[in-house]
Amino acid sequence: MIDFLARSGRRYLDALASLGRASAFLVQLLGALPSLFTRFSLVIKQLFSSGVMTLSIILVSGLFVGMVLALQGYNTLIGFGAEESLGIFVAKVLVRELGPVVTGLLFAGRAGSAMTAEIGLMKATEQLSGLEMMAVDPFKRVYAPRFIAGFFALPALAAMFSAIGVLGGHLVGVELLGVDAGAYWSQMQAAVEFREDVLSGLIKAVVFGFVVCWIAIFQGADCVPTSEGVSSATTRTVVYSCLMVLGLDFLLTAIMFSV
Amino acid sequence: MNSRTTEILVGLFMLLFLGAMTILALKVSNLTSLSGANGYQVSANFDNVGGLRVRAPVSAGGVKVGQVSQIIYDSETFEAKVTLTIDEEFNQFPTDTSASIYTAGLLGEQYIGLEPGADDEVLEQNSEIGLTQSALVLERLIGQVLLNK
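Residues numbered from 1 in each chain as written. Chains lettered and ligands numbered in written order. Predicted model: local features only at pLDDT ≥ 70, side-chain atom pairs only at ≥ 80, totals over all residues. Heavy atoms only, no water.

A.B. asks: What exactly am I supposed to notice about the interface of chain A and chain B here?
C.D. replies: Often, the extent of an interface is quoted as the loss of accessible area on bringing the components together. Listed as interface residues are 37 residues of chain A and, on the opposing side, 30 residues of chain B. Buried surface at the junction of chain A and chain B, both sides included, amounts to about 2800 Å², of which 76% is carbon and sulfur. Looking at the side of chain A facing chain B, the largest losses of area belong to F48, Q189 and F194 of chain A, adding up to 22% of the total buried there. Taken together, the links from chain A to chain B amount to one salt bridge. D180 of chain A is the salt-bridge partner of K64 of chain B, the closest N and O atoms lying 4.0 Å from each other. Breaking the side of chain A that touches chain B down by element, the ones donating at least two residues are α2 (40-77), α3 (86-124), α5 (138-176), α6 (181-191) and α7 (194-222) of chain A. By residue number, the principal contributor to the side of chain A that touches chain B is α5 of chain A, which donates ten residues. In terms of residue class, the side of chain A that touches chain B is made up of 26 nonpolar, seven polar and four charged. (Contact = heavy atoms within 4.5 Å. Buried area = accessible area lost by both parts, 1.4 Å probe. Salt bridge = Lys/Arg side-chain N within 4 Å of Asp/Glu carboxyl O. Helix = DSSP H or I, 4+ residues; strand = E, 2+ residues; numbered from the N terminus. Nonpolar A, V, L, I, M, F, W, Y, C, P; charged D, E, K, R; others polar.)

A.B. asks: I would appreciate a short explanation of the nonpolar core in the present structure.
C.D. replies: The nonpolar side chains of a soluble globular protein tend to be buried with one another. Ranked by internal contacts, the top residues of the largest apolar core, which has 81 residues, are F25 and Y143 of chain A together with F13 of chain B. For this core, the element with the highest residue contribution is α5 of chain A, accounting for 19 residues. Dropping the residues within four chain positions of it, F25 of chain A is found in contact with F139, Y143, W214, I217, F218 and A221 of chain A. Counting residues in hydrophobic clusters, the runner-up holds 23 residues, among them A80, L84, F93 and A99 of chain B. (Core = buried A, V, L, I, M, F, W, Y, C linked by side-chain atoms within 4.5 Å. Buried < 20%, exposed > 50% of the residue type's maximum accessible area, 1.4 Å probe, protein only.)

A.B. asks: Hey, could you run me through a nonpolar patch on the surface in this one?
C.D. replies: Residue and element names in this part refer to chain B. Together, L136, L138, L141, I142 and L146 make up a nonpolar patch on the protein surface, roughly 520 Å² of accessible area in all. With respect to the secondary-structure elements, I142 resides in helix α2 (residues 138-148). Look at I142 and you get partly exposed, because its relative accessible area is 47%. (Patch = residues over 30% accessible without salt bridge, like charges linked within 9 Å, V, L, I, M, F, W, Y side chains within 5 Å. Areas by Shrake-Rupley, 256 points an atom, 1.4 Å probe, with all protein chains shown as cover.)

A.B. asks: Help me out: how do you make sense of the environment of F93 of chain B in this one?
C.D. replies: Position of F93 of chain B relative to the elements: it lies in the loop between β4 (79-87) and β5 (98-103). Considered as a pair, F93 of chain B and A44 of chain B are 49 residues apart in the sequence and their alpha carbons are 14 Å apart.

A.B. asks: I tried to follow empty space enclosed by the protein on my own but got confused; where do I start?
C.D. replies: Leftover empty space is mapped by rolling, across the atoms, a probe with the size of a water molecule. A full pass over the atoms with the stated rule returns one cavity of 30 Å³ or more. Taken together, V95, P100, A158, A159, S162, V198, G201, L202 and A205 of chain A together with L24 of chain B make up the full set of residues lining the largest cavity. For the lining of the largest cavity, the elements supplying multiple residues, two or more each, are α3, α5 and α7 of chain A. Per-element accounting of the lining of the largest cavity gives the leading share, four residues, to α7 of chain A. Its residues placed into classes, the lining of the largest cavity shows eight nonpolar, two polar and no charged. (1 Å grid on protein atoms, 1.4 Å probe; cavity = no way out; pocket = protein on both sides within 12 Å on 5 of 7 lines; lining within 4 Å. Points joined across faces, edges and corners; volume = space filled by probe spheres on them.)

A.B. asks: Looking at this structure, how should I read a negative patch on the surface?
C.D. replies: Residue and element names in this part refer to chain B. Where like charges cluster on the molecular surface, the negative patch consists of D96, D119, D120, E121 and E124. Residue position: D119 is located in the loop between β6 (110-115) and β7 (128-129). Overall, D119 belongs to the partly exposed group, its relative accessible area being 37%. (Lys, Arg positive; Asp, Glu negative; His and termini not counted. Charge placed at Lys NZ, Arg CZ, Asp CG, Glu CD.)

A.B. asks: Just checking my understanding: could you explain the environment of E124 of chain B for this structure?
C.D. replies: The topology assignment puts E124 of chain B in the loop between β6 and β7. Among all residues touching E124 of chain B, those that are not within four sequence positions of it are Y40, Q41 and V42 of chain B.

A.B. asks: Looking at this structure, how should I read the side chain of R146 of chain A?
C.D. replies: Residues and elements named next belong to chain A. Structurally, the position occupied by R146 is in helix α5. For R146, the side chain forms a polar contact with the side chain of E118, separated by 3.1 Å. In this structure R146 touches Q46, M115, E118, I119, M122, C213 and I217, once residues within four positions along its chain are discounted. (Polar contact = N/O pair within 3.5 Å; in protein donor to acceptor, adjacent residues only side chain to side chain.)

A.B. asks: I'm lost on the domain arrangement of chain B in this one. Help?
C.D. replies: By the assigned domains, chain B splits into domain 1 (1-33) and domain 2 (39-136). A separation of 38 Å is found between the C-alpha centroids of domain 1 of chain B and domain 2 of chain B. (Domains from an automatic or database assignment.)

A.B. asks: Help me out: how do you make sense of the packing of aromatic side chains in this one?
C.D. replies: To describe a pair of aromatic rings, you give the distance between the ring centres and the angle between the ring planes. Residue and element names in this part refer to chain A. Taken as a whole and assessed by the stated rule, the structure comprises eleven aromatic pairs over all chains. Ring geometry for F25 against F139: centres 5.1 Å apart, planes inclined by 50 degrees, an arrangement best described as tilted. Of this pair, F25 sits in helix α1 (residues 2-32) while F139 sits in helix α5, and the two are 114 residues apart along the sequence. Summarising the burial analysis for this pair, F25 and F139 share the class buried. Through pairs of rings, three or more aromatic residues link up here, namely F147, F151, F152, F210 and W214. (Phe/Tyr/Trp six-rings, centres within 6.5 Å; stacked < 30°, edge-to-face > 60°.)

A.B. asks: What is the right way to look at the pattern of salt bridges in this model?
C.D. replies: Close approach of charged atoms lets side chains of opposite charge pair. Residues and elements named next belong to chain A. For the structure shown, the criterion picks out seven salt bridges over all chains. Note that R21 and D222 form a salt bridge whose closest N and O atoms lie 2.9 Å from each other. Separated by 201 residues along the polypeptide, R21 in helix α1 and D222 in helix α7 bring together distant segments of the chain. In this structure R21 comes out as partly exposed when scored by relative accessible area, which is 41%. Judged by its relative accessible area of 25%, D222 falls in the partly exposed class. The closest approach of N and O atoms between R96 and D197, which form a salt bridge, is 2.6 Å. Placement of R96 in helix α3 and of D197 in helix α7 is noted, with a sequence separation of 101 residues between them. Overall, D197 belongs to the buried group, its relative accessible area being 0%. Sharing partners across several salt bridges, the network here consists of K92, R96 and D197.

A.B. asks: Teacher, can you tell me more about the packing of α2 of chain A against helix α1 (residues 3-28) of chain B here?
C.D. replies: The angle between the axes and the distance between the axes are what describe a pair of packed helices. Where α2 of chain A meets α1 of chain B, the axes come as close as 9 Å, and the angle between the chain directions of the two elements is 60 degrees. The angle between the axes of α2 of chain A and α1 of chain B places the two elements in the oblique class. Two packed elements cross with a definite hand, and for α2 of chain A against α1 of chain B that hand is left-handed. Note on element contacts: α1 of chain B touches α2 of chain A through T6, E7, L9, V10, F13 and L16 of chain B, opposite I44, K45, L47, F48, G51, V52 and L55 of chain A. Per-class residue counts for the contact of α2 of chain A with α1 of chain B are nine nonpolar, two polar and two charged. (Axes fitted to C-alpha atoms, helices over the stretch in contact; angles between N-to-C directions. Parallel < 35°, antiparallel > 145°, perpendicular 65-115°, else oblique. Left-handed = near helix turned anticlockwise from the far one by under 90°.)

Here it is in structure tokens:
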């Protein structure tokens, strides 16, 4: 019994300690950011691996999510004779919610896990220690470029997701189900506000980008340097990122849209 | 993958981002209006346009023949002046065609319905539709019902 209590207590203390390490890590990470102004090519390289490589999955899923929204929305709205409002439904759902959230989840799965695995493997093969031996700060050289690149890439991907989703909604709603194209776009434009909806969605994506990159890079840098440790750190990245994205989404929605 | 290709692809990525933002700003939200319709414009004055919006459909016999391209308030006649853009292929509307504002379904958006007259001459660019019927405003209808009792 005592043993059980001690073990469960240690688990919570471990979790707390890891949160503390993550916070200290973030402070160090933010401190290393200004050095990137002189080495921007590192960021471009990371933008390629986290942004460009995630592009295809984002565009394909955005298209399909938009198409599904149009199908579902049409079947619901036609009951009220309001199928002309399909554009509002598709655009608002995508721009406010699904664009940032689904992009955050996909980004965590595609780019976040890759970041953790790469950094974890660097640690396991002692490349990070090697860098430190050569007096190269891994925060400036390895972590900060990845952080900034992911931080920029996620909002960009979210915007693309929403844009192609609206086009997918047009494809199904207008071309397939016969909603009037003028009504689809005019009602959408009348109802969707740039600041209220589009910018709020973008702010969500920025927050998700920050959190997902923080988790991914920290888990990589903090992992147990064995192949097993790297694999469990990668799993943790995906699980924690998804939970944080969904939890923060509720919080941000409550702040942005409730009043 | 050499760094030149990487840079080009990242540049393309940023370009796509700009494109997506442009679509979100111009096509999805209402920062400015894009109208790419080609056809001829006719105007019609209404006492009250209700909830009619720019880009609302214009239909004749239930078939879409054009869209609303502009709604302004005419301070000389104290009426709303609506400019309709009718597709080029429907250029056979008589000059005594009447225009009415209807609502699609109970909660749907408002559109303009055209009912062709019998005149020999046809509507052309910048001609005006004289016979118009305003939108039904629910409050006014209820008021009339109450007064007639």
